[in-house]
Amino acid sequence: MARGRSVAERLATVLGTVLGSAELPVRLRGWDGSVAGPPGAPVVAVRDRRALRRLLWSPGQLGLGRAYVSGDIDVEDDVFDTFAALSSAGRLSETGPMRPLSLAERAALLRTVAGLGGLGTDPEPPAEEADLGRHGLRHTRRRDAAAIAHHYDVGNDFYELVLGPSMVYSCAVWDTPDTGLDAAQEAKLDLVCRKLGLTEGSRLLDVGCGWGSMAIHAAGRYGADVVGITISEEQATLARKRVAEAGLTDKVEIRVQDYREITDGPFDAISSIGMAEHVGRARLGDYVDQLVGLLRPGGRLLNHAIAWNAGETTWDENTFIARYVFPDGELLGLGEMVGAVERGGLEVVDVEALRRHYALTLRAWVRRLEEHWDDAVAASTEGRARVWRLYMAACALAFEGGAMGVDQVLAVKPGGEQPPLRRTAWV
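A.B. asks: What is the right way to read the nonpolar core from this model?
C.D. replies: As a rule of thumb, soluble globular proteins bury nonpolar side chains together. W365, W388, M392 and F399 are the most contacted members of the largest nonpolar core, which totals 77 residues. For this core, the leading source of residues is helix 16 (residues 382–401), giving 12 residues. Discounting residues that sit within four places of it in the chain, F399 has contacts with I306, R355, Y358, A359, L362, M404, G405 and V406. Among the nonpolar cores identified, the runner-up in size contains 27 residues, and V168, I216, A269 and I273 belong to it.

A.B. asks: Help me understand the environment of I231 in this model?
C.D. replies: The residue I231 is located in the loop between strand 6 (225–230) and helix 10 (233–245) in this model. Distance in space between the C-alpha atoms of I231 and V207 is 10.0 Å, their sequence separation being 24 residues.

A.B. asks: Which parts of the structure should I look at to understand the sheet that holds strand 4 (residues 73–75)?
C.D. replies: The pairing of strands in a sheet happens through backbone hydrogen bonds and is either parallel or antiparallel. Reading across the sheet, the four strands line up as 2-1-3-4 and stay open at both edges, with mixed pairing between neighbours. Taken across any chain shown, the strands that pair with only one partner, and hence form the sheet edges, are strand 2 (35–36) and strand 4. Of the strand pairs in this sheet, strand 3 (residues 43–46) and strand 4 are connected by three bridges, and their pairing is antiparallel. Each residue of the ladder has a partner; that of V44, found in strand 4, is V75.

A.B. asks: Before we go on, may I ask you to explain the sheet that holds strand 7 (residues 252–256) in this structure?
C.D. replies: One open sheet holds the seven strands; their spatial order is 7-6-5-8-9-11-10, and the pairing between them is mixed. Only two strands of the sheet have a single neighbouring strand rather than two, namely strand 7 and strand 10 (347–353). Across the sheet, the axes of successive neighbouring strands diverge by a mean angle of 15 degrees, strand direction being ignored. Bridge count for strand 5 (residues 203–207) against strand 8 (residues 267–273) is four bridges, and the pairing is parallel. Paired with L205 across the bridge in strand 8 is I270. Of the strands in this sheet, strand 5, strand 6, strand 7 and strand 8 touch helix 9 (residues 213–222), which is tilted by about 165 degrees from strand 5. On top of the sheet, helix 16 reaches strand 9 (295–308) and strand 11 (404–412); it is set at about 70 degrees to strand 11, its chief contact.

A.B. asks: Please explain the side chain of S34 as it appears in this structure.
C.D. replies: Within the fold, S34 resides in the loop between strand 1 (27–29) and strand 2. A distance of 3.0 Å separates a polar side-chain atom of S34 from the backbone nitrogen of A8. Each residue touching S34, except ones within four places of it in the same chain, is listed here: S6, V7, A8, L28 and R29.

A.B. asks: Would you mind showing me how to read unusual backbone geometry here?
C.D. replies: With the exception of glycine, most residues fall at negative phi, and the peptide bonds are largely trans. A cis amide bond, omega 5 degrees, links G265 with the succeeding residue P266. Along the polypeptide, P266 turns up in the loop between strand 7 and strand 8. One non-glycine residue, M167, adopts positive backbone phi at about 50 degrees. In this fold, M167 is placed in the loop between helix 7 (156–163) and helix 8 (181–195).

A.B. asks: Explanation requested: the packing of aromatic side chains in the structure shown.
C.D. replies: Geometrically, a pair of aromatic rings is defined through the distance of the ring centres and the angle of the planes. Considering all chains together, one arrives at 13 aromatic pairs under this definition. Between Y169 and W365 the ring centres are 5.4 Å apart and the planes differ by 50 degrees, which places this aromatic pair in the tilted class. Of this pair, Y169 sits in the loop between helix 7 and helix 8 while W365 is found in helix 14 (residues 355–371), placing the two residues 196 residues apart along the sequence. Comparing Y169 with W365, the two get one shared label, buried. Seen from their ring centres, Y358 and F399 are 4.8 Å apart, and the 40 degrees between their planes marks the pair as tilted. Pair noted here: Y358 is in helix 14 and F399 is in helix 16, with a separation of 41 residues, a long-range link. Each member of the pair Y358 and F399 is classed as buried. The lysine or arginine in question, R203, covers the ring of F267, its NZ or CZ lying 4.1 Å from the ring centre. In this structure, R386 packs its charged tip against the face of Y68, placed 4.9 Å from the ring centre.

Parameters at a glance
- Residues numbered from 1 in each chain as written.
- Predicted model: local features only at pLDDT ≥ 70, side-chain atom pairs only at ≥ 80, totals over all residues.
- Heavy atoms only, no water.
- Core = buried A, V, L, I, M, F, W, Y, C linked by side-chain atoms within 4.5 Å.
- Buried < 20%, exposed > 50% of the residue type's maximum accessible area, 1.4 Å probe, protein only.
- Helix = DSSP H or I, 4+ residues; strand = E, 2+ residues; numbered from the N terminus.
- Contact = heavy atoms within 4.5 Å.
- Pairing = 2+ DSSP bridges.
- Axes fitted to C-alpha atoms, helices over the stretch in contact; angles between N-to-C directions.
- Polar contact = N/O pair within 3.5 Å; in protein donor to acceptor, adjacent residues only side chain to side chain.
- Phe/Tyr/Trp six-rings, centres within 6.5 Å; stacked < 30°, edge-to-face > 60°.
- Lys NZ or Arg CZ within 6 Å of the ring centre and 35° of its normal.

That is the geometry; function is a separate question.
Pasting the structure below:
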């Protein structure tokens, strides 16, 4: 190693090796104040040598994520600009699991880290990292409950700061980018109700009901009788409180219940908004069959789910999203979802893509989180706030770039009344 190189210059070598990119996409600031990298590029500060140990033991997305969540590295400029720059370089620009470092790259990384005094044992992951190994096989009821608790039971106050008064944690529907988050979320709930054809006395099952927003809207605006189910105790507690405050306890029942345990059909309509991502590819057929069995003839199912648009996906537990955000979550392609619904015996009558809408929604959530940063940290932990900031900003960029989409699939059970001939009835 050449003598006289600053800490930041040697950190640039570390990051270049990890990314597999000769061109550094960001400017680095070392713990000694030195700076290296392209002028004008977003600045990433490396605050502690522990970041080097994280990258040495997990040289990729997971090591970088751990270093950010723990505060070993930080972002000094706009979070979207910074993450966009990083995701455009080397291994991070590729879809699918990150390519492992070659033996030569590992040797070079080891030498550079050693020269910076960063050798040592693998640091403990931040407390916000999920560990579901003790819960057994994926997508059992017990393990699904643990995965949902990791993501959703982080404090209702925290979510309210991020989501706003609508308390809707899924893609909004925007007329224009200036619509505003609350109005866009109300528009989404109303769109779902119209697609499902809800009227006074319609019996609706809301699968994965969150904090009750869809149930409250369907009951309050359309007169539906709603059963909302969640396996998050914290969500159910707040949802029941909100239902009571809306004066709808005679119209809405919130249950802590797995979708596989529902036996009191039939329902006129079923909404599943942001739920199918937690089901898993192996269980998708069972999921559809269960919902189909709960619908009356002519009943409608609306499945609103994120889709992976960048080719085949396989489960990789060593990604940031799997360890910190959605443990055991699996994104499927739109074709897989439509195929599963059709194989379950339903007729698909409408598909609406909302990819650009979710990018706007995520940017609005990040903006709210940053505006309420100190309160969000107080309501949870700084690590948790960092997790949400990183994941929501990165996902916004993935939606903007087309790697991910989100789709509403509307389907009807044969044997009953048919939906309107034209989709103008609900748009």
